[in-house]
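Inside the fold
Listed below are the residues making up each chain.
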Amino acid sequence: MLRGRPPRERADAARNREKVLAAAARLFRDRGVDNVSMDAVAAEAGVGKGTLFRRFGDRSGLAAALLDERERELQERILSGPPPLGPGAPPAERLAAFVDAYLDYLFDHLDLVRVSETAAPGARYRIGAYRFWHRHVAILLALARPAADADCLAHALLAPLGAEHVVALRGELGDERIREGVRELALSVAGRGREGAG
């Protein structure tokens, strides 16, 4: 399910949040995510460290907040955008379109996604966005292959889209080989050529 909008904030809290996110985005872009401390973000934003830690917890929470709007945009395109990413195309075509759209998002925000997914063991699987991607892929796989274990296959298909995995392979394979490989895997898992797969 599409994650709901956060509750309305007090005006000063909303201003502080925007200042922090703008400062973090600048610092992450200029120095790299791994080279920016929470102290540096607080100083750049002009807020107290306590405010920053209470609001975001740690750097992974800050990364997740920066990714939130991009994730919502992709989720909305999946739910109500034009086919093949949105409704109206055969399941295999939608799955291939999802892989392409997700990789566009991932390549554009790779360091932030990596930090949000690796904050603690299993963090990736507890993120609301991951649960959305998994549910979407499982629904498409269930339509394409009704007899298959769609939930398990969805996790298997999302595994090579993990940010840490992509970071490890990007230098060796490059973006296009990663894209083609995962796309081919998606079409294979969806049972390309089977009834309902398009």
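Structure first, text after, so check above.
All residue numbers refer to positions counted from 1 along the written sequence of the respective chain. For this predicted model, a pLDDT threshold of at least 70 governs which residues receive local features, and a threshold of 80 or more governs which side-chain atom pairs are given and counted, while totals over whole chains, interfaces and linings are taken from all residues. Just so you know, side-chain values use all the structure's heavy atoms and leave hydrogens and water out.

What to know about the overall build of the protein
Put simply, the rule reads: By definition, any uninterrupted DSSP run of H or I lasting at least four residues is a helix, any uninterrupted run of E lasting at least two residues is a strand, and each is numbered from the N terminus. Throughout this description, buried means an accessible area under 20% of the type-specific maximum (1.4 Å probe, protein chains only), exposed means over 50%, and partly exposed covers the range between. Note on definitions: a residue-residue contact is assigned when non-hydrogen atoms from the two residues lie within 4.5 Å. Surface accessibility in these figures is a Shrake-Rupley result with a 1.4 Å probe; residues are shielded only by whichever protein chains are displayed. Positive charges come from Lys and Arg alone, negative charges from Asp and Glu alone, with His and the N- and C-terminal ends not counted. Charged groups are reduced to one reference atom each: NZ for lysine, CZ for arginine, CG for aspartic acid, CD for glutamic acid.
Within the protein, the regular secondary structure consists of 10 helices and zero strands. The linear arrangement of helices and strands in the protein, starting from the amino end, is α-α-α-α-α-α-α-α-α-α. On the principal axes, the C-alpha backbone points of the protein span a range of 60 × 40 × 30 Å. Evaluated residue by residue, the protein yields a buried proportion of 44% over its 198 residues. Partitioning the contacts of the protein with sequence separation of at least 6, the portion at a separation of at least 24 is 65%. For the protein, the accessible surface area stands at approximately 10300 Å², while carbon and sulfur atoms represent 52% of it. Counting 30 positive and 28 negative side-chain charges, the protein places the centres of these two groups 5 Å from one another.

Considerations on the packing of helix α5 (residues 91-108) against helix α6 (residues 110-117)
The description of two packed helices rests on the angle between their axes and on the distance between the axes. The cut-off we apply is this: Convention adopted: a line fitted to C-alpha atoms gives each axis, helices being fitted over their contacting stretch, and angles between N-to-C directions are expressed from 0 to 180 degrees. An angle below 35 degrees is treated as roughly parallel, one above 145 as roughly antiparallel, one from 65 to 115 as roughly perpendicular, and anything else as oblique. Polar here means any residue other than Ala, Val, Leu, Ile, Met, Phe, Trp, Tyr, Cys and Pro, which are nonpolar, and Asp, Glu, Lys and Arg, which are charged; Gly is therefore polar.
Packing of α5 against α6 brings their axes to within 5 Å, and their N-to-C directions diverge by 90°. Relative to α6, α5 is oriented roughly perpendicular. Along its contact with α5, which presents Tyr 102, Tyr 105, Leu 106, Phe 107 and Asp 108, the element α6 presents Leu 110, Val 113 and Glu 117. Along the lines of polarity and charge, the residues of the contact of α5 with α6 split into six nonpolar, no polar and two charged.

Regarding the side chain of Arg 72
For clarity, the threshold we go by: By the criterion applied in these results, polar contacts are pairs of N or O atoms within 3.5 Å in which, for protein atoms, one can donate a hydrogen and the other can accept it, and in which residues neighboring in sequence qualify only through two side-chain atoms.
Here Arg 72 shows up in helix α4 (residues 59-80). Here the side chain of Arg 72 touches Asp 68 through a polar contact of 2.8 Å, side chain to side chain.

Concerning the environment of Val 36
Within the secondary structure, Val 36 sits in the loop between α1 (11-31) and α2 (38-45). Separated by 62 residues in sequence, Val 36 and Phe 98 place their C-alpha atoms 32 Å apart. When neighbours within four sequence positions are excluded, Val 36 is seen to be in contact with Leu 27, Phe 28, Arg 31, Val 41 and Arg 59.

Things to note about the nonpolar core
Counted only if it meets this: The definition of a nonpolar core used throughout is a set of buried Ala, Val, Leu, Ile, Met, Phe, Trp, Tyr and Cys residues joined through side-chain atoms within 4.5 Å.
Counting residues in hydrophobic clusters, the biggest one holds 62 residues, and the most contacted among them are Leu 62, Phe 98, Tyr 102 and Trp 133. For this core, the element with the most residues is α5, which contributes 12 residues. Not counting chain neighbours up to four residues away, the residues in contact with Phe 98 comprise Ile 78, Leu 85, Trp 133, His 136, Val 137, Leu 158 and Leu 161.

Describing α2
Every buried residue belonging to α2 is among Met 38, Ala 40, Val 41, Ala 42 and Ala 45, and all of these are buried. Summarising the contacts, the buried residues of α2 are in contact with α1, α3 (49-56) and α4. Taken from the residues just after α2, Gly 46 is the one with a positive phi, measuring 75°.

Things to note about helix α9 (residues 150-158)
Heads up, the rule is: What the arc covers is the set of directions going from the helix axis to the C-beta atoms.
Within α9, the full set of buried residues consists of Ala 150, Ala 154, Leu 157 and Leu 158. One side of α9 carries all its buried residues, which in axial view fall inside an arc of 95°. Buried residues along α9 sit against α5, α7 (123-126), α8 (128-144) and α10 (163-189).

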